[in-house]
Amino acid sequence: HARPQADAALCIPLNAQDGAIGLLHLEAGDEVAKPAQAMAEQLAFALGNLKLRETLRDQSIRDALTGLHNRRYLEESLEREIAGAKRSGAQLAVFMLDADHFKGFNDQHGHEAGDEVLRALGLTLKGAVRASDLACRFGGEEFTVVLVDSDAKSAREWAGRLAADVRKLEVKHAGKSLPQFTLSMGLAMYPAHGTDRETLLQAADFALYEAKHSGRDRLAVAGERDDEVRVA
């Protein structure tokens, strides 16, 4: 290869663990070619480590199956959102959601089909929330959504739209359409039903139990009687 001429442009690829991650461009003469190459290697190594750390961090806070954030991220973020709502005087809507009859669905159609349903539900939740909201897989077939700066009326309306979208979902597995499914939802509001993370999640979970107890495929709100539970 020809050596770079004086005042030539020097382009050096930055290679890390997974291949090229960038390009270092220098206006350089012959006397700095070797130092530039050494600098590029060190820079690529540092950037590669940053990328790896970011990837590991993302894996630690996201659910691999649905792509939603996980319970760990929820617990960290909900604390932050409560603190922000306390300062601003805003409300938060905290939902616990559960796919109805999911155990029976898994038993009948298999876990791979169940995973397809959870993936579809995860995508639906992603599309239903704003960038400022939280959508997380709490565990199993249970999900948590936090709507930031939302009053109870807006939260009810959001739940109604979500329930309608889920009822219309068409999920396929092994080339076949799976049976449609529904959601039960429990809603707790900050500060009406709790002013800390544990109390709010517990209130939403109790409301979810009421929704299931009252027939599933519906929304229950913390503090309301069974006869006030409504289909979302």
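Residues numbered from 1 in each chain as written. Predicted model: local features only at pLDDT ≥ 70, side-chain atom pairs only at ≥ 80, totals over all residues. Heavy atoms only, no water.

Q: Residues and numbers for the side chain of S150, please.
A: Structurally, S150 can be placed in the loop between β5 (142–148) and α5 (152–167). If we skip the residues at most four places from it in the chain, S150 touches Q91, L92, A93, A155 and M189. (Helix = DSSP H or I, 4+ residues; strand = E, 2+ residues; numbered from the N terminus. Contact = heavy atoms within 4.5 Å.)

Q: Give a detailed account of the pairing of β5, specifying residues and quantitative values.
A: Burial analysis of β5 places 7 of its 7 residues in the buried class, which makes it a mostly covered element. The side-chain alternation of β5 yields two buried faces, one formed by E142, T144, V146 and V148 and the other by F143, V145 and L147. Examined bridge by bridge, strand β4 (residues 134–139) and β5 share 5 bridges and lie antiparallel to one another. Its bridge partner lying in β5, G139 is registered against E142. (Buried < 20%, exposed > 50% of the residue type's maximum accessible area, 1.4 Å probe, protein only. Pairing = 2+ DSSP bridges.)

Q: Explain the pattern of salt bridges to me, and be specific about the residues and the numbers.
A: Within this structure, the stated rule accounts for 13 salt bridges. Measuring nitrogen to oxygen at the nearest pair gives 2.6 Å for the salt bridge that ties E157 to K153. Remark: K153 and E157 occur in helix α5; sequence separation between them is 4 residues, near one turn of the helix. Of the residues examined, E157 reaches a relative accessible area of 39% and is grouped as partly exposed. Note that D217 and R167 form a salt bridge whose closest N and O atoms lie 3.1 Å from each other. Of this pair, D217 sits in the loop between α6 (197–213) and β9 (219–221) while R167 sits in helix α5, and the two are 50 residues apart along the sequence. Residues participating in the shared-partner salt-bridge network are E79, R197 and E198. (Salt bridge = Lys/Arg side-chain N within 4 Å of Asp/Glu carboxyl O.)

Q: So, the packing of helix α4 (residues 111–128) against α5: which residues are in play, and what are the values?
A: Orientation of α4 relative to α5, taken along the N-to-C sense of each, is 145 degrees, at an axis distance of 11 Å. Note that α4 runs across α5; the crossing there is right-handed. On the side of α4, the interface is formed by L121, T124, L125 and A128, while α5 contributes W158, L162, D165 and V166. Counted by class, the contact of α4 with α5 contains 6 nonpolar, 1 polar and 1 charged residues. (Axes fitted to C-alpha atoms, helices over the stretch in contact; angles between N-to-C directions. Left-handed = near helix turned anticlockwise from the far one by under 90°. Nonpolar A, V, L, I, M, F, W, Y, C, P; charged D, E, K, R; others polar.)

Q: Describe the sheet that holds β9, and please don't skip the residues or the numbers.
A: On the basis of which strands lie adjacent, the open sheet formed by 5 strands has the order β4-β5-β3-β8-β9 and mixed pairing. Looking at which strands have only one partner, the edges of the open sheet turn out to be β4 and β9. Averaged over neighbouring strand pairs, the angle between their axes works out to 20 degrees when direction is ignored. Pairing between strand β8 (residues 183–190) and β9: 3 bridges, direction parallel.

Q: Explain the packing of aromatic side chains to me, using residue names and the numbers behind them.
A: Inspection of the entire model under this criterion finds 2 aromatic pairs. With a centroid separation of 4.9 Å and an interplanar angle of 45 degrees, the aromatic rings of F95 and W158 are classed as tilted. Taken together, the residues F95 in strand β3 (residues 92–99) and W158 in helix α5 connect sequence positions 63 residues apart. On the basis of relative accessibility, which here comes to 0%, the residue F95 falls in the buried class. Taking the relative accessible area as the measure of exposure, W158 reaches 6% and is therefore buried. (Phe/Tyr/Trp six-rings, centres within 6.5 Å; stacked < 30°, edge-to-face > 60°.)

Q: Can you lay out the nonpolar core for me, pointing to particular residues and giving the numbers?
A: With 35 residues, the main nonpolar core has F95, V145 and W158 as its most contacted residues. Among the elements of the structure, β3, α3 (102–109), α4, β5, α5, β8 and β9 are those that each provide at least two residues to this core. Ignoring any residue separated from it by four or fewer positions in sequence, one finds W158 in contact with F95, L125, A128, V129, V145 and L147. If you look at the next biggest cluster of nonpolar residues, it comprises 22 residues, including I82, L134, V148 and A204. (Core = buried A, V, L, I, M, F, W, Y, C linked by side-chain atoms within 4.5 Å.)

Q: Provide a residue-level description of the pairing of β3, including the pertinent values.
A: With 8 of 8 residues buried, β3 lies mostly within the body of the structure. Neither face of β3 is open: one carries L92, V94, M96 and D98, the other A93, F95, L97 and A99, and all of them are buried. Across 7 bridges, β3 lies against β5 in antiparallel orientation. Directly across from L97, in β5, lies its bridge partner F143. Summarising the sheet, β3 and β8 pair through 8 bridges and their orientation is antiparallel. What sits directly across from V94, in β8, is A188.

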